[in-house]
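# Geometric and topological summary
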Amino acid sequence: MYVSEESHGGIVPMNYSNKDKISSAESGEGRPPIKENASQPNTYPTQSGKGVSRGLAGVRKAARENKERKFNKIVQYAVVTILNQIYEEDFLGYSYGFRPGRSQHDALDALSYALLKKKVNYVLDADVKSFFDNLDKSWLVKFVQHRVADPRILRLIQKWLKAGVMEDGKWSEPQTGSPQGSVISPVLANIYLHYCFDLWVNVWRKKGARGEVVVVRYADDTVLGFQYRTDAGRFLVNLRERLSKFGLELHPDKTRRIEFGRFAEENRKRRGEGKPETFDFLGFKHISGKNRLGRFAVRRLTIRKRMRGKLREIKQQLRQRMHERM
């Protein structure tokens, strides 16, 4: 149930960008190496429901082996492949989720390392309200045009963005939001957040902050660590203003600023405020505490709702096996 910071082996100072092997603005917050690296799926779906290997060689092999196989959503996959190659050179190191080799586990490790090794005394857990539904399509097209000038690709993206949805038997064409259930939605979402959030926050923490600021973003779920309380408060105000320019807003119930870090327990105890508050990120509750040696440690506890769901799944499997012959 508890995962300590020592569970992933040795510490490395930084994870570098794809362009070079030196520390740069694109590098992440630093994290320990992990044994498992849950990267993106390595198959494309077909009409039969079975996947084929990534790349043209895999497609040709699948077509040769099964002459009856039909391939779906081919054009979107081709565009996604191109956009990934372009934007992997632009995306910053603290951006995780829907990117090759930057999984949920990587984001959790980066956050744990930042909380342990950086000067973090306050945490801002920022969640964008209904991001995928409120994403402004016109802004998204403008963002893509920064790097893509081919009118045919732009027309395809605009066409997919205009695709309607069927809800309760009624057809509608929403003016905002990314294509639902579309393979291109994740990369478009990352492009949107790259321009409206990532680049802006990178400048803000260099020019607008008094102390250290660390960032870990997984899709629209972001955790930021601050050295000073005043920086955290000012950033929250500025972030709301920044997001409103692009039709977005922070979730009022899921966005929280708390005292968290190696001095939080002593400071709160001195003020008679009890134990430090916790925050949730990617299915884990993060707890500020101490290890067996009395040193500051961050522990991750599986959120009960997720754990109960897993237990129900296990119980169902056990009931099924009770009636199976040995």
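Keep in mind the model is a prediction, meaning the values are calculated, not measured. (Residues numbered from 1 in each chain as written. Predicted model: local features only at pLDDT ≥ 70, side-chain atom pairs only at ≥ 80, totals over all residues. Heavy atoms only, no water.)

### A word on the overall build of the protein
Scanning the protein from N- to C-terminus turns up 10 helices and 13 strands. Looking at the protein as a whole, 45% of its 326 residues are labelled buried. Considering only intrachain contacts with a sequence separation of at least 6, the fraction spanning at least 24 residues in the protein is 65%. Split by element, the accessible area of the protein, about 19,000 Å² in all, is 51% carbon and sulfur. (Helix = DSSP H or I, 4+ residues; strand = E, 2+ residues; numbered from the N terminus. Buried < 20%, exposed > 50% of the residue type's maximum accessible area, 1.4 Å probe, protein only. Contact = heavy atoms within 4.5 Å. Areas by Shrake-Rupley, 256 points an atom, 1.4 Å probe, with all protein chains shown as cover.)

### Here's the deal with the pairing of strand 5 (residues 122–127)
Counting buried residues along strand 5, 6 of its 6 residues qualify, which places the element largely inside the surrounding structure. Because side chains alternate across strand 5, one face comprises the buried residues Y122, L124 and A126, and the other comprises V123, D125 and D127, equally buried. The sheet contact formed by strand 5 and strand 10 (residues 256–259) spans 4 bridges and is antiparallel. Bridged to Y122 within strand 10 is E259. (Pairing = 2+ DSSP bridges.)

### Quick notes on the pairing of strand 12 (residues 284–290)
In the sheet, strand 11 (residues 279–281) pairs with strand 12 via 3 bridges, with the strands oriented antiparallel. Its bridge partner lying in strand 12, F279 is registered against H286. Hairpin connection between strand 11 and strand 12: a loop of 2 residues separates the two successive antiparallel strands, and L282 in this loop has a positive phi of roughly 55°. Here strand 12 runs beside strand 13 (residues 296–302); their pairing, made up of 7 bridges, is antiparallel. Its bridge partner being in strand 13, F284 is matched across the sheet by T302. Adjacent in sequence and paired antiparallel, strand 12 and strand 13 are bridged by 5 residues, among which G294 carries a positive phi angle near 85°.

### Let's talk about the nonpolar core
Counting 49 residues, the largest nonpolar core has I191 and F235 as its most contacted members. Taken together, the elements giving at least two residues each to this core come down to helix 2 (74–87), strand 5, helix 5 (137–145), helix 6 (151–161), helix 7 (185–207), strand 8 (213–218), strand 9 (221–226) and helix 8 (229–244). It is helix 7 that contributes the most residues to this core, 12 residues altogether. For F235, the residues in contact, after removing those within four places along its chain, are L124, F197, W200, V201, W204, L224 and F226. (Core = buried A, V, L, I, M, F, W, Y, C linked by side-chain atoms within 4.5 Å.)

### Remarks on the sheet that holds strand 10
Strand order in the open sheet formed by 5 strands is 4-8-9-5-10, and the pairing between neighbours is mixed. Both edges of this open sheet fall to strand 4 (95–96) and strand 10, since each of them pairs with a single strand only. By the bridge criterion, 6 bridges tie strand 8 to strand 9 in an arrangement that is antiparallel. The residue bridging V215 from the neighbouring strand is L224, located in strand 9. Along the sheet face, helix 3 (residues 104–117) touches strand 4, strand 5, strand 8 and strand 9 and points at about 165° away from the line of strand 8. Against the sheet, helix 8 engages strand 5, strand 9 and strand 10, with an angle of about 15° to strand 5. (Axes fitted to C-alpha atoms, helices over the stretch in contact; angles between N-to-C directions.)

### Thoughts on the packing of aromatic side chains
The tally for this structure, following the rule as stated, stands at 13 aromatic pairs. Residues W139 and F246 carry aromatic rings whose centres are separated by 4.8 Å and whose planes lie at 65° to one another, so their mutual orientation is edge-to-face. Taken as a pair, W139 in helix 5 and F246 in the loop between helix 8 and strand 10 lie far apart in primary sequence, 107 residues in all. Looking at W139, the relative accessible area reads 29%, which means it is partly exposed. Note on F246: relative accessible area 7%, which makes it buried. An angle of 80° between the planes, with centres 5.0 Å apart, marks the rings of W204 and F235 as edge-to-face. (Phe/Tyr/Trp six-rings, centres within 6.5 Å; stacked < 30°, edge-to-face > 60°.)

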